Amino acid sequence: MMVQILPYIQIVLSLLLIAGVLLQRSEASLGSAFGGDSAIGGRFMRRGFEKTLFNATLLIAVLFVLSAFTNLFLNR
């Protein structure tokens, strides 16, 4: 039964992971992409919804990796 449901779980987790990554704020400017230093400021502290989104994205990534390993071991 788990072998039949696992691909659907992975599809849902992958879509949630893509959405979580795309919704996060990017601190990298074009200059830092080419090795330049950003003169805008120091570190960025996540607060409120951004912190919740970051933690949720991290949790979804861990669940996706665990489901991939589970799929690997169940299909042997």
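Draft legend 1. Structural context of the packing of helix α1 (residues 2-23) against helix α3 (residues 49-74). Running from amino to carboxyl end, α1 crosses α3 at an angle of 150 degrees, the nearest separation of the two axes being 9 Å. The pairing of α1 with α3 is recorded here as roughly antiparallel in orientation. When the axes of α1 and α3 are compared, the crossing they make is left-handed. Residues Met 2, Val 3, Leu 6, Gln 10, Leu 13, Ser 14, Leu 16, Leu 17, Gly 20, Val 21 and Leu 23 of α1 form the contact with α3, whose participating residues are Leu 53, Thr 57, Ile 60, Ala 61, Leu 63, Phe 64, Ser 67, Ala 68, Thr 70, Asn 71 and Leu 74. Split by residue class, the contact of α1 with α3 holds 15 nonpolar, seven polar and no charged.

Rules behind the numbers
Residues numbered from 1 in each chain as written. Predicted model: local features only at pLDDT ≥ 70, side-chain atom pairs only at ≥ 80, totals over all residues. Heavy atoms only, no water. Axes fitted to C-alpha atoms, helices over the stretch in contact; angles between N-to-C directions. Helix = DSSP H or I, 4+ residues; strand = E, 2+ residues; numbered from the N terminus. Parallel < 35°, antiparallel > 145°, perpendicular 65-115°, else oblique. Left-handed = near helix turned anticlockwise from the far one by under 90°. Contact = heavy atoms within 4.5 Å. Nonpolar A, V, L, I, M, F, W, Y, C, P; charged D, E, K, R; others polar.

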